[in-house]
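Observations on the model geometry
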Amino acid sequence: MSSRKPSAKAKQIAAFKAQSGGLDDLFAREEQHREDLAAKRDEVLYRKACASKNRYATRAEAEETIRLCEAHGTRGLHCYKCDYCGGWHLTSKPQRR
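Quantities reported herein were computed from a predicted structural model and do not represent experimental measurements.

So, the nonpolar core
Membership of the largest hydrophobic core is limited to six residues, which are Tyr56, Ala62, Ile66, Leu77, Cys79 and Trp88. Once residues lying within four places of it in the same chain are set aside, the contact partners of Tyr56 are Glu61, Ala62, Thr65, Gly87, Trp88 and Leu90.

Overview of the packing of aromatic side chains
Using the criterion set out here, one finds one aromatic pair in the structure. Centroid distance Tyr46 to Tyr84: 5.6 Å. Interplanar angle 75 degrees. Geometry classified as edge-to-face. On the criterion of sequence distance, the pair formed by Tyr46 in helix α2 (residues 22-51) and Tyr84 in the loop between β1 (78-81) and β2 (88-91) is long-range, its members being 38 residues apart. On the basis of relative accessible area, Tyr46 is assigned to the partly exposed category, the value being 34%.

Topic: a nonpolar patch on the surface
Where nonpolar side chains cluster on the molecular surface, the patch consists of Leu45, Tyr46 and Tyr84 and spans about 290 Å² of accessible area. When you line up the elements, Leu45 lands in helix α2. Residue Leu45 is classed as partly exposed on the basis of its relative accessible area of 42%.

Definitions and limits used
Residues numbered from 1 in each chain as written. Predicted model: local features only at pLDDT ≥ 70, side-chain atom pairs only at ≥ 80, totals over all residues. Heavy atoms only, no water. Core = buried A, V, L, I, M, F, W, Y, C linked by side-chain atoms within 4.5 Å. Buried < 20%, exposed > 50% of the residue type's maximum accessible area, 1.4 Å probe, protein only. Contact = heavy atoms within 4.5 Å. Phe/Tyr/Trp six-rings, centres within 6.5 Å; stacked < 30°, edge-to-face > 60°. Helix = DSSP H or I, 4+ residues; strand = E, 2+ residues; numbered from the N terminus. Patch = residues over 30% accessible without salt bridge, like charges linked within 9 Å, V, L, I, M, F, W, Y side chains within 5 Å. Areas by Shrake-Rupley, 256 points an atom, 1.4 Å probe, with all protein chains shown as cover. Salt bridge = Lys/Arg side-chain N within 4 Å of Asp/Glu carboxyl O.

Right, here's the structure in full:
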């Protein structure tokens, strides 16, 4: 059980502040943590949206690949310009309007 004396409470508060490094340090660590999470999120999105897919230099090349896939039975493919690499990728998701 902790003491109810003001001096004891002040010591507990001082010990807590010393342990946590102060609120400025706490906010700086939290901001760094959020920046690290955002960087990881961006990296995962890049891998999913671009790095794990075949890249085609031109739209015509991507459309030719779609035609070849249709000849082998794969239907419903579309191509889109990638925001990350500027190349073209294929998707089976419906086209956005």
